[in-house]
Amino acid sequence: LIIGLAASALPPALMGRATAIASLAPLGIAISFLARFKTGHAGLQFVTDHSWISAFGIHYKIGLDGLNVSLVVLTTVLFTASMAWAATREWERPRLFYLFLSIAQSAVLGAFCAQDLFLFVAFFDLMLIPFYFLIGMWGTGDRVRATMKVVIYTLVGSFFMLVAAIATAVLASNAYGTNLTFVLSTLQHLQLSHTSQDWIFLCFAVAFVVKMPLVPFHGWLADGYRSMPIPAVAVFSGVLSKVAAYGFLKIVLPLFPYASVHYQTLMLVIAVVSIIWATSLAFTTTSARLVVAYSSVAQLAFIVLGIFSLRPQGGQGALLQMLNHGLVTAPLFFIVAALAVRCGGSEDIREMGGLAFRAPVLAALFLIVVFANLAIPGSSNFTGEFMILLGVFKAKMAFSIIAFLGVIGAAVYSLRVYIRTMHNTVGPKAQSREISWRDGLAIVPLVVVIVVLAFYPQFGLKRSEQSLKATMAPAELQEGLSPAAVLAVTGSGRP
Amino acid sequence: MTVLHHIAAVGHIKGPPIDWSALAPFVVLTIGALLVLLVGLLASQIARERMVPALSVITLAVAIGYEASSFHHQTSIISGSLRIDDLALILDLVFAVAAIAAVILSTREPGASQAGHGEYHSLLLFSVLGMAVLVSAQNLVTLFIGFELLSIPLYILCASDARRAASLESGLKYLVIGSVGSATLVYGLALIYGATGSTDFVPISNAITGNSVQPGGLLSDPLLMTGIALTIVGFAFKASVAPFHQWTPDVYEGAPTPITAFMATATKAAAIGVFLRFFDVAVIGAQGTWAPLLATLATITIVVGNVGALGQSSTKRILAYSGVGQAGYMLAGVVVGTQLGINATIFYIVTYLPVNIAAFAVIVARQRQRAGGEDISALAGLGARQPWLAWPMTIAMLSLAGIPGTVGFIGKLYLIRALVAGSYTWLAVVIVLGSMISLGYYLRVIATMWMRAPERESASARVPVGGRPAIAGGSPEADEADASDWPAPDRAVSNPEVAAVAVLFGAAGVFFGIIPSPLLSLAAHAGRSITGIF
C-alpha cells in the first residue's frame, strides 16, 4: 500500500530531472499520506500482507500503528523538503541523484512500515545503498574514504542484525515446533530462552547503535556528515537515525523483553556517555555542520535514554523527540548550508558572524530552530525531553541527573553557534544577505511545523499512547517480575 | 552359421541396456562438439566465424531443451553409473547457460581465432559434457572420467590465446596443478575402492554405515579415511578451496576472459556439485569424520579468499579471490549435510551464475575497449560514461556482497539459515565475518566506477599495475579502435552482444533477488532428489 505509493514517486523523480517538478510529485504524495494518516489511531492499520518467500515464512507485511504513523509523516515531510531544496540547485547527473534519493525514501518508509522482521532487516540494509552513492558521487571533501567508512561501519552492524534475525526466527520455530516465520506479531508470542535473548539483543543493539550513532560506534560520524551533500545529510540525520531508534521500540523491546531489562543499565550508560561526549564535542568543534551533527547525536542518545527507561512516559517522550529532532535537525542543516554560501563556502563558524544584520528573516528562522533544538520551555522538544527525563527519573534517578547536564549543554552550544554566526563581528568573507526563496522553500515549512508542534505536542502523543503501552508491557512485566524471577532462577540453579 | 552364432554371442555380451532418451543431453553434446569441430575445418571464413558459434549455441540450447523436459524423472542409466535427477539437471542447466554466455562473449576474442574456432568451441562443449557426466556420476570410475573430461579441455582453452604469454602461463599452470589434483583424486578414489570393495556410490555408502552383519561399518578404517582425505584434496583443487586455491588468481587472470567466466561459474558449480554428490551421498555415513575437516577448510577458504581479494588491483584477480571466498560459503552448505544445507548450496550455486557472468562480461567489454582493461582503474568513471556496463557490474558486486534486493542476499540468507538450523552457528558467523571483509573490495569496485574520474588512457603504452606486460586483452581491432579519441558514452555499442550479456545477467540478479520463490522451489526439488538416496 504505502510502498506502492512511495514507489510511484520514483518515475516523476526520474523524468523531472533537475526541475522543481521532480520534487512536486513526492510532495503531493506526501500530502496525500498526511491526509490518510489523519484517520490513523492506535492499533495496526492499513495492513498489507502477502506471502513473499514462502519457503522461509517471510511475509511482505506492512502496516501502520501508533508507533510509526508519525514517523512516516516525518519521513515524507523531510524527504519532500530535501527534494525541494535539491530541486532548486544544480546537480551533476540529476537523474541518478533523484533516483537514489527516491530509493532511499522508499527504503526508509519500508523499514518504518515493515511488520515482518526479515522485511525490516532488508529495508534497513537497503536504505544504506542509495546513501553510499549519494555520498560517494555528490559528496564533498574526501568523499570516497568517508563513503567506505560509513558504509562498512553500518553494514557490519547490519550483518550482525541479519544473523540475529535469522537466529530469532529459527530458534523460535525450533523451540515451539512451529513453522518458520518472521512476522513480528507472531514472533512476539514465541519468547526465546534468556541466553539466546542476550546475544541476539546485543547483535541488534550493535546494528542500531552504529546507525544512530552512539559512543563507542561513532567513528564514521564526523567524516560521513562532513562529506554528505546537504539534502542527504538532512534526511540521514533526520530520518535514518530514527529507524534505528524505532527498531529498538518496535523490535527489540517486544521480542526480547528479558534481555532489554538485563541490559538496561548498559544501554543507559551508553546513552549518557554519548550525551556527555557529543555535548562536549559540540562545544569545541568550529564547523557549524559538525555542531549540528553532534547535537543530533546527543538528541538520539536522549531518545535511547527514553526508550530504555522502559517506562511509557520515557517511550512517549522518545517518540515525540524523534519527531522533533527530525524536524529540527533538517532545517538546521539547510541553514548551515545557507550560511556557508554567505561565507564563501566555509562552514567554519570562526569565519562567520554578523549575518543577522541584513537578514532578519533568516535570523528569526534560525533562532526558532535553535530554540527548539535546545528545548526551550514551550517548544515541543521541551515536552519530549521532559517526558524522557521523567521516565528515566522513575527508572534510574542517577542517570536522569547526569543526562540533565546534556540539556544545559545543548543550550550553551546551540546559542554559541547562533551568536557566532548571526551576531558578533562580521567575518572576513561574510556577506549578509537575506534568505533566498530557494532556501526558504525548504526551511520555512519545516519551521512552521516546529511552531505548530510546539503548541500542539499531542499530535504525536495521542496516537502513539496505546501502541507504546503495548510495546513496553512485556519489558515492564519482566522488570516487575525481576526480583521474584531472580530468586526463582537462583533457587533453581542458574546455568 | 558359425558367423551368425558368433554375432549372436557378441550380441549377448552386449553392454548394459542404455536408456537413450535419458542420455540424450550427453549425446547431443557429444555430437554437437564433433560437428562443431568438423565445421571449424571448413575453408570458408564465414563458416568458421559465424556457423561455429551458432552451432555451439544451438547444441547447448537443444541440450537445455532435453534437460528441461526431463525434470522430475529420476533415472539411473548405464547400469546405475549415471543418475539423471533434478540436481544433475539443474547443474547441467547452469553449465549450459554459462557455456552459452562464454560462447557469446568469445565471438570476437583473439583466443577463439588463434586456437581455431572449431577447436575452441568444440573443447568448450566437451568440457560441458565432462561437467554433466561428473555431476551425474554414481560411480567412482564415471566420476573420474567426468572430472578429466571437464579438466583437459579447460587446460587447452586457458592457453588458447597463444600469442599472449600470460595465457600460456595460465594454461601451463592450470595443467600442472590440475594434474596434481587429478592424481590425488584418483589415488583417493582407489583407496576408497580398496576399503569398500565397490566403485558404486550406494554400496560404498552401505559399506561405510555398516549392516546387520557388520555394524559400525568401516568408520574407523584408516584406508577409507585416507581415501576420503585425498578425495577432498582432489575436489578442493578444482573448486579452488583454500589452501589449494593458489592457482586460481593466476589462471583466472591469464586465461581469456570468456573462459575465465566459464571456469568461475561452471567449473565451480561442477566441483561443488560433486562435493554434494560425493559427500552427502556416498560417504554421508562418515560425516562425523569429514564434516569437521570440511568445516575447517571452508573457514580457511572464506578467510583466505576475502582477505586475499583486498589487496588486488586487477578486477579479474579480485573476482578470482572472491570466487575462492564464495567457494567457502558453498562448502559450508555441504558441511551441514542436511536437506536444508543441500538446498541452500544448490540455490547458492544457481545464484552465483548470473552475477559472476555479468561481472566478467563487463571486464570483457572493457578489455576490448582499452589495454589493461582488467585493471580496476579501467573501471574508473564507468558509471558516467557507460551506465549499461556500470549497472550490471554494480549489481554483481552488491549481490556477491549479499546486499538485500539481489540474489546474493537471498542465497546467503538461505545458507545462514541452514547453518543455524543445522547447529553450525559458528560457521554462519564465519560467513558473516567473511561478508564483512568482502565489503572492502566489492565496494571498492563500485566506488571506482561511480566516484572516480576516468583517467585518460594512453592506449597500449600503459603498463598495468602489478608489473605484468602490457599485452593483456588488446585484440588488434580493439587497439585500432582505441587509437581514436576518448570513448564516447555510447561506446558499449561496439560490443552489443557483450553488453547484452552483462545487462541480461545483471537484471536476472535483481529479478531473482526480489522474486526468489521460483529458484527456491527449484533448489528444493533438486535437494530432495539427493536425499531420496539416503
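Residues numbered from 1 in each chain as written. Chains lettered and ligands numbered in written order. Predicted model: local features only at pLDDT ≥ 70, side-chain atom pairs only at ≥ 80, totals over all residues. Heavy atoms only, no water.

Draft legend 1. Highlighting the overall build of chain B. Counting its secondary structure elements, chain B contains 22 helices and two strands. By residue count, 63% of the 534 residues in chain B fall in the buried class. Pairs at least 24 apart in sequence give 79% of the contacts found in chain B among residues at least 6 apart. (Helix = DSSP H or I, 4+ residues; strand = E, 2+ residues; numbered from the N terminus. Buried < 20%, exposed > 50% of the residue type's maximum accessible area, 1.4 Å probe, protein only. Contact = heavy atoms within 4.5 Å.)

Draft legend 2. Up close: the environment of isoleucine 376 of chain A. Residue and element names in this part refer to chain A. Structurally, isoleucine 376 is set in the loop between helix 17 (360-373) and helix 18 (380-395). As for isoleucine 376 and histidine 218, which are separated by 158 residues in sequence, their C-alpha atoms are 27 Å apart. Setting aside anything within four residues of it in sequence, one finds isoleucine 376 in contact with Phe371 and Phe382.

Draft legend 3. Inspection of the nonpolar core at higher detail. Ranked by size, the top nonpolar core spans 346 residues in total, and within it Phe204 of chain A together with Phe278 and Phe279 of chain B carry the most contacts. Take this core: its biggest share by element is 19 residues, from helix 15 (residues 339-369) of chain B. For phenylalanine 279 of chain B, the contacting residues outside a window of four places in its chain are Ile228, Ile232, Phe235, Val274, Ile284, Trp290, Leu294 and Val334 of chain B. (Core = buried A, V, L, I, M, F, W, Y, C linked by side-chain atoms within 4.5 Å.)

Draft legend 4. View of helix 7 (residues 140-158) of chain B. Over its 19 residues, helix 7 of chain B runs 27 Å from end to end, which matches the ideal 27 Å to within 8%, given 1.5 Å per residue. The backbone nitrogen of valine 141 of chain B lies 2.7 Å from a side-chain oxygen of the residue at the head of helix 7 of chain B, namely asparagine 139 of chain B. (Expected span 1.5 Å × (residues − 1). Polar contact = N/O pair within 3.5 Å; in protein donor to acceptor, adjacent residues only side chain to side chain.)

Draft legend 5. Quick peek at unusual backbone geometry. Residues and elements named next belong to chain B. Within the chain, serine 240 stands out as a residue other than glycine whose phi angle is a positive 50 degrees. Checked against the element boundaries, serine 240 lands in the loop between helix 10 (222-239) and helix 11 (247-254). Since its relative accessible area comes to 1%, serine 240 is described here as buried.

Draft legend 6. Fine view of the packing of helix 16 (residues 312-342) of chain A against helix 17 of chain A. Residue and element names in this part refer to chain A. The interhelical angle for the contact between helix 16 and helix 17, taken along N-to-C directions, is 140 degrees, at an axis separation of 10 Å. In terms of orientation, helix 16 lies oblique with respect to helix 17. Every pair of crossing elements has a handedness; the one defined by helix 16 and helix 17 is left-handed. Across from Val328, Pro331, Leu332, Ile335, Leu339 and Arg342 in helix 16, the residues of helix 17 making contact are Leu362, Leu365, Phe366, Val369, Val370, Ala372 and Asn373. (Axes fitted to C-alpha atoms, helices over the stretch in contact; angles between N-to-C directions. Parallel < 35°, antiparallel > 145°, perpendicular 65-115°, else oblique. Left-handed = near helix turned anticlockwise from the far one by under 90°.)

Draft legend 7. Main features of the interface of chain A and chain B. Every contact between the two is made by 34 residues of chain A and, on the other side, 34 residues of chain B. Here chain A and chain B share an interface that buries about 3100 Å² over both sides, 84% of which is from carbon and sulfur atoms. Taken together, chain A and chain B are joined by zero salt bridges. The interface formed by chain A and chain B contains two residue pairs in polar contact (both at pLDDT 80 or more). At the level of elements, strand 1 (45-53), helix 5 (94-113), helix 6 (117-126), helix 7 (128-138) and helix 8 (143-176) of chain A are the ones that each hand at least two residues to the side of chain A that touches chain B. Per element, the largest residue contribution to the side of chain A that touches chain B is 15 residues, and it comes from helix 8 of chain A. For the side of chain A that touches chain B, the class distribution of residues is 28 nonpolar, three polar and three charged. (Buried area = accessible area lost by both parts, 1.4 Å probe. Salt bridge = Lys/Arg side-chain N within 4 Å of Asp/Glu carboxyl O. Nonpolar A, V, L, I, M, F, W, Y, C, P; charged D, E, K, R; others polar.)

Draft legend 8. Up close: the side chain of glutamine 312 of chain B. Residues and elements named next belong to chain B. Following the sequence through the fold, glutamine 312 ends up in the loop between helix 13 (287-310) and helix 14 (315-336). Classification of glutamine 312 as buried rests on a relative accessible area of 15%. Not counting residues within four places of it along the chain, the set of residues in contact with glutamine 312 comprises Arg317, Ile318, Tyr321 and Arg444.

Draft legend 9. Just the confidence of the model for chain B, in detail. In this model, chain B carries an average pLDDT of 77, and 81% of its residues clear a pLDDT of 70 or more. The spread of mean pLDDT over the elements of chain B runs between helix 20 (residues 476-483) of chain B, the lowest at 36, and helix 7 of chain B, the highest at 89. (pLDDT = per-residue confidence, 0-100.)

Draft legend 10. Just the packing of aromatic side chains, in detail. One pass over the structure, following the stated rule, counts 27 aromatic pairs over all chains. Here the aromatic cluster, defined as three or more aromatic residues joined through ring pairs, consists of Phe120, Phe124, Phe201, Phe204, Phe208, Phe248, Phe256, Tyr263 and Phe308 of chain A. Here lysine 211 of chain A stacks its cationic end above the ring of phenylalanine 124 of chain A, 5.0 Å away from the centre of that ring. A cation over a ring is seen here: lysine 238 of chain B above phenylalanine 147 of chain B, with NZ or CZ 5.3 Å from the ring centre. (Phe/Tyr/Trp six-rings, centres within 6.5 Å; stacked < 30°, edge-to-face > 60°. Lys NZ or Arg CZ within 6 Å of the ring centre and 35° of its normal.)

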